[in-house]
Amino acid sequence: MTPRVVVAAPSSGSGKTTVATGLVAALRRHGHAVAPFKVGPDYIDPGYHALAAGRPGRNLDPVLVGEDPLAPLFAHGARGSDIAVVEGVMGLFDGRLGTAGFGSTAHVATLLGAPVVLVVDARGQGRSLAALLHGFRGFDPSVRLAGVILNYVGSPHHEQVLREAGDEAGLPVLGVVHRDAALDVPSRHLGLVTAAEGGAAARSAVDAMADAVAAGVDLDAVIRVARTAAPLDARPWEPAIEVVPERPVVAVAGGPAFTFGYAEHVEILSAAGAQVVTVDPLRDERLPEGAAGLVLPGGFPEQHAAELAGNAPLRAEVAAFATAGYPVHAECGGLLYLARELDGQPMCGVLDATARMSERLTLGYRDAVAATESALFLPGERVSGHEFHRTVVRPDHGVSPAWHWRDRAGRPVTEGFVHGGVHASYLHTHPAARPEAVARFVARCAAAVPARRG
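Procedures and definitions
Residues numbered from 1 in each chain as written. Predicted model: local features only at pLDDT ≥ 70, side-chain atom pairs only at ≥ 80, totals over all residues. Heavy atoms only, no water. 1 Å grid on protein atoms, 1.4 Å probe; cavity = no way out; pocket = protein on both sides within 12 Å on 5 of 7 lines; lining within 4 Å. Points joined across faces, edges and corners; volume = space filled by probe spheres on them. Helix = DSSP H or I, 4+ residues; strand = E, 2+ residues; numbered from the N terminus. Nonpolar A, V, L, I, M, F, W, Y, C, P; charged D, E, K, R; others polar. Buried < 20%, exposed > 50% of the residue type's maximum accessible area, 1.4 Å probe, protein only. Pairing = 2+ DSSP bridges. Axes fitted to C-alpha atoms, helices over the stretch in contact; angles between N-to-C directions. Contact = heavy atoms within 4.5 Å. Parallel < 35°, antiparallel > 145°, perpendicular 65-115°, else oblique. Left-handed = near helix turned anticlockwise from the far one by under 90°.

**Q** Just checking my understanding: could you explain the layout of surface pockets for this structure?
**A** Using a probe with the size of a water molecule, rolled over the atoms, empty space left in the structure can be pinpointed. By volume, the second largest pocket is sized at about 990 Å³. What lines the second largest pocket is a set of 48 residues, among which Thr 259, Phe 260, Gly 261, Tyr 262 and Ala 263 lie closest to the centre. No other element matches helix α11 (residues 263-271), which puts five residues into the lining of the second largest pocket. For the lining of the second largest pocket, the class distribution of residues is 27 nonpolar, 15 polar and six charged.

Here you go:
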């Protein structure tokens, strides 16, 4: 099985993304085929991983897909690589609220039998680093802490003090990354600006990360650590689904406004028999020829509302497409695009709802139950999903809602819209958890092909 290492941290903001992305890029420069992964539901970091690796960045999230598929999904994503780098989420032991770390970086590391390298924000730290490392090393014996990378190191003397502290704690310091403004990536209300939107600036940032890691981190030592990963007996994941023979065309929105998607989604669509064609709602004025289904993933349409509104031909075609009953699957950003307006800008008007930015961040996992039969789900089917947005939609559900769940206080929540062939919701789901839902969607698209051709 592919050598692998998990890049973790004591807390968010320690520089995991900088070090993990730089490590991927630096290893690639040295001739390695690197498979990048991200723990949790994050869509933004994998975009930078993909720039660094030259292959898709993938997510590993036992909350969304369960524990059993995790190693097969890893094996699937690691095909053709000689080393894998897994970036953690939040602090090493931070998992789903109300659990003992389920879904945490530590949890994923144990499921993969992978050693952990801890990235520590060294600002304001000296010998106390030894106590921090000692605590993290001893907290959970099932997690194998194999080394530390020191981030935001201020001076050669500071580095020496920290290295001595690492020796005192019995953990090797595998490298240091010094403070450097070139490593900063622009951020906004939901985190970093996506790699797709960052363009040349994102590529420059990844290059700077690679330079910093290559200069300050012992890559050979990291590779040796990765090779100590435990044997992993897992066959690569394959979507076991029924394939339709009609090969319907399914349009999947992409481009800078719609970047929040899992690589496995397109793979399952294709495996189910769909011909997947990307459409960019910022630039393309027509849906692909013969399209019989439309997938609108999440992203940042709120950052591009004026441009989306300006593409009136595509908005009109999407509205006509949905009105005609063709299957449409919209999550989060896709929901906003289907609304009547977004922050006062006209959208597709498929849903009789308005969307706007708010001050409140909605964030967290949801255990949801399908409320209405749709092109994807049957009533009563259960999924684990994730919300991550600073927008609100009013009303928040239609006459035929998409989901029911309970909030942390146990109060019932009704959310989303099922309208004709449309399933639209704030809830992000991982298609590898329910490939049969994707297959059902493709079958609905296949059934619509004759009408579309007519």
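**Q** What is the right way to look at the pairing of strand β13 (residues 328-331) in this model?
**A** On any regular strand, side chains alternate: one points to one face of the sheet, the next to the other face. Covered by surrounding structure in β13 are Val 328 and Ala 330 together with His 329 and Glu 331, the residues of both alternating faces. Here strand β12 (residues 291-296) pairs with β13 via three bridges, running parallel. Within β13, the position partnered with Val 295 by the bridge is His 329. Summarising the sheet, β13 and strand β21 (residues 422-425) pair through four bridges and their orientation is parallel. Paired with Val 328 across the bridge in β21 is Val 422.

**Q** Hey, could you run me through empty space enclosed by the protein in this one?
**A** Per the counting criterion, the structure on display carries two cavities of 30 Å³ or more. In this structure, the second largest cavity spans a volume of roughly 30 Å³. Looking at the second largest cavity, the residues that line it are His 329, Ala 330, Glu 331, Phe 377, Trp 403, His 423, Ser 425, Leu 427 and Thr 429. Where the lining of the second largest cavity is concerned, the elements lending two or more residues are β13 and β21. Among the elements that make up the lining of the second largest cavity, the one with the highest residue count is β13 (three residues).

**Q** How should helix α5 (residues 105-112) be read in this particular structure?
**A** Of all eight residues making up α5, six are buried, and the element is well covered by its neighbours. All of the buried residues in α5 are Thr 105, Ala 106, His 107, Val 108, Ala 109 and Leu 112. Positive phi appears at Gly 113, one or two residues downstream of α5, with a value of about 60°.

**Q** Got a minute to help me understand the sheet that holds strand β5 (residues 116-121) in this structure?
**A** Strand pairing in a sheet takes place through backbone hydrogen bonds and is either antiparallel or parallel in direction. An order of β3-β2-β4-β1-β5-β6-β7 is seen for the seven strands of this open sheet, with the pairing classed as parallel. Looking at which strands have only one partner, the edges of the open sheet turn out to be β3 (58-60) and β7 (173-178). With strand direction ignored, the average angle separating the axes of adjacent strands in the sheet is 25°. Where helix α4 (residues 70-77) meets the sheet, its contacts fall on β1 (4-8), β2 (34-39), β3 and β4 (83-87), and the angle it forms with β3 comes to roughly 160°. In this fold helix α6 (residues 128-139) packs onto β5 and β6 (145-153), with an angle of close to 145° to the strand it touches most, β5.

**Q** Looking at this structure, how should I read the environment of Val 413?
**A** Here Val 413 shows up in strand β19 (residues 412-415). In this structure Val 413 comes out as partly exposed when scored by relative accessible area, which is 22%. The spatial distance from the C-alpha of Val 413 to the C-alpha of Ala 165 is 50 Å, given a sequence separation of 248 residues. Setting aside residues no more than four positions away along its own chain, Val 413 makes contact with Trp 403, His 404, Trp 405 and Asp 407.

**Q** Would you mind going over unusual backbone geometry with me for this structure?
**A** Excluding glycine, a negative phi dihedral is what most residues carry, and trans is how most peptide bonds are arranged. Each neighbour pair has its own omega, and for Arg 394 with Pro 395 the value is -5°, a cis peptide bond. Relative to the assigned elements, Pro 395 resides in the loop between β17 (382-394) and β18 (403-406). In this model, Tyr 152 sits at a positive phi of 60°, which is unusual for a non-glycine residue. Structurally, the position occupied by Tyr 152 is in strand β6. The class for Tyr 152 is partly exposed, based on a relative accessible area of 22%. In the Ramachandran plot, Asp 343 falls in the positive-phi region, its phi being about 50° despite a non-glycine side chain.

**Q** Even after reading the chapter, I still don't get the sheet that holds β21, so can you show me in this structure?
**A** Read across the open sheet, the six strands follow the order β11-β10-β12-β13-β21-β20; overall the sheet is mixed. Edge strands, defined here as strands with exactly one partner in the open sheet, are β11 (275-279) and β20 (417-419). Ignoring strand direction, the axes of neighbouring strands in this sheet form an average angle of 15°. Its contacts with the sheet place α11 against β10 (249-253), β11, β12 and β13, and it is angled at close to 140° to β11. Those strands touched by helix α13 (residues 312-323) are β11, β12, β13 and β21, and its axis lies near 110° from that of β12.

**Q** What's the story with the packing of helix α1 (residues 16-29) against helix α2 (residues 45-53) in this structure? I'm lost.
**A** The geometry of a pair of packed helices is captured by two quantities: the angle between their axes and the separation between those axes. Running from amino to carboxyl end, α1 crosses α2 at an angle of 20°, the nearest separation of the two axes being 8 Å. With respect to α2, the element α1 is oriented roughly parallel. With respect to the hand of their crossing, α1 and α2 are arranged in right-handed fashion. Residue-level inspection shows Thr 17, Ala 20, Thr 21, Val 24, Ala 25 and Arg 28 of α1 in contact with α2, the latter providing Asp 45, Tyr 48, His 49, Leu 51, Ala 52 and Ala 53. Tallied by class, residues from the contact of α1 with α2 come to seven nonpolar, three polar and two charged.

**Q** What should I look at first to understand the packing of α1 against helix α9 (residues 200-216) in this one?
**A** Two elements in contact, α1 and α9, have axes whose closest approach is 7 Å; the angle formed by their N-to-C orientations is 80°. On the basis of the axis angle, α1 is roughly perpendicular to α9. Contact residues: Thr 17, Thr 18, Val 19, Thr 21, Gly 22, Leu 23, Ala 25, Ala 26 and Arg 29 in α1; Val 206, Asp 207, Met 209, Ala 210, Asp 211, Val 213 and Ala 214 in α9. In terms of residue class, the contact of α1 with α9 is made up of nine nonpolar, four polar and three charged.

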